[in-house]
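As a plain string of letters, each chain reads:
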Amino acid sequence: MDDTGTFDGKPCIMLNHTNKLDRIQKRQAVRCECSIGATLFVIKASEIDYTKVDDEEDGISCCLDDISESGALIRIAGKGKGNTRIKIQFSISNSLIMMFGVVHSVEHDKDKNESKLHFECTYIEDDMRNTLLNYIYGKLASVDPVADLKEAEKKKEESLRDADLLGTLASDEELAEKTRSVQQVAKQDLPV
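Residues numbered from 1 in each chain as written. Predicted model: local features only at pLDDT ≥ 70, side-chain atom pairs only at ≥ 80, totals over all residues. Heavy atoms only, no water.

**Concerning the packing of aromatic side chains**
How we decide: Each Phe, Tyr or Trp ring, with Trp reduced to its six-membered ring, pairs with another whose centre is within 6.5 Å; inter-plane angles below 30 degrees give stacked pairs, above 60 give edge-to-face pairs, and intermediate values give tilted ones. Elements are defined by DSSP. Helices are runs of H or I of four residues or more, strands are runs of E of two residues or more, and each kind is numbered from the N terminus. Accessibility here uses a 1.4 Å probe with only protein chains present; expressed as a share of the type maximum, an area under 20% marks a residue as buried, one over 50% as exposed, and anything in between as partly exposed.
Applying the stated criterion across every chain, the model contains three aromatic pairs. Taken together, a centroid distance of 3.9 Å and an interplanar angle of 35° make the contact between Tyr50 and Tyr123 tilted. Linking Tyr50 in the loop between β3 (32-42) and β4 (60-68) with Tyr123 in strand β8 (residues 114-123), this pair joins segments that are 73 residues apart in sequence. On the basis of relative accessible area, Tyr123 is assigned to the partly exposed category, the value being 28%.

Laid out in structure tokens, this is it:
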């Protein structure tokens, strides 16, 4: 798999990739879907201790719906608040990850009484970033794009077949009439 090492005196991971890399998103970081239980802590202090591991009982339980090294989509119960400095703490492969940053925007669903917090990470330790990147790229590598395309094509065909059965497409009479009119136009265009 991937290897770790140091570059410029900082820990880093080495990833195998093709010679041609195409960017298909605007973000600076690759983001992947996930479902990771985490704990959210609101930062109230002016000075932040980036090494302190907080007790989960002092935080708010949440779920990470997608994640990257530069942020996450966090789902919490209740109504969230934007422009809030927070820390999220969770584990990946028995490794503790702590990300510090700001909630930029909030989507609140009144019916479900839950909020989606759009979190931008402003600080993460290098070792934790590498663990997170290994998780993200490992998860993305396990996705089969060919299978995803085949599944999408199958769903499209099923929806067209279902629409036809429900009569939302042209009826047999309408199709017969259109066929006759096309045949008449074709006969008129042929030279004698």
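**Quick look at the sheet that holds strand β7 (residues 95-109)**
So the rule is basically this: Note on pairing: two strands pair once DSSP finds at least 2 bridges between them. Axes, fitted as lines to C-alpha atoms, cover a helix only where it is in contact. Angles between the N-to-C directions of the axes lie from 0 to 180 degrees. Contact criterion: two residues are considered in contact whenever any of their non-hydrogen atoms come within 4.5 Å of each other.
The sheet built from six strands closes into a barrel, its strands ordered β3-β4-β5-β8-β7-β6 with antiparallel pairing. Each neighbouring strand pair of the sheet contributes to a mean axis angle of 45°, computed without reference to strand direction. As paired strands, strand β5 (residues 71-77) and β8 are joined by seven bridges and run antiparallel to one another. Considered in β8, the bridge of Gly71 is made with Glu120. Packed onto the sheet, helix α1 (residues 126-141) meets β3, β4, β6 (84-92) and β7 and runs at close to 155° relative to β3.

**A closer look at the pattern of salt bridges**
Note the cut-off: In what follows, salt bridge is the name for a side-chain nitrogen of Lys or Arg lying within 4 Å of a carboxyl oxygen of Asp or Glu.
The tally for this structure, following the rule as stated, stands at six salt bridges. The residue Lys87 makes a salt bridge to Asp54 at a minimum N-O spacing of 2.8 Å. Placement of Lys87 in strand β6 and of Asp54 in the loop between β3 and β4 is noted, with a sequence separation of 33 residues between them. In this pair, the class of Lys87 matches that of Asp54, namely buried. Residue Asp65 pairs with Arg75 through a salt bridge whose shortest N-O separation is 2.9 Å. Separated by 10 residues along the polypeptide, Asp65 in strand β4 and Arg75 in strand β5 bring together distant segments of the chain. Overall, Asp65 belongs to the buried group, its relative accessible area being 17%. Residue classification places Arg75 among the partly exposed residues on the basis of a relative accessible area of 27%. Within the structure, one salt-bridge network assembled from shared partners comprises Lys52, Asp54 and Lys87.

None of this, on its own, says anything about what the molecule does.
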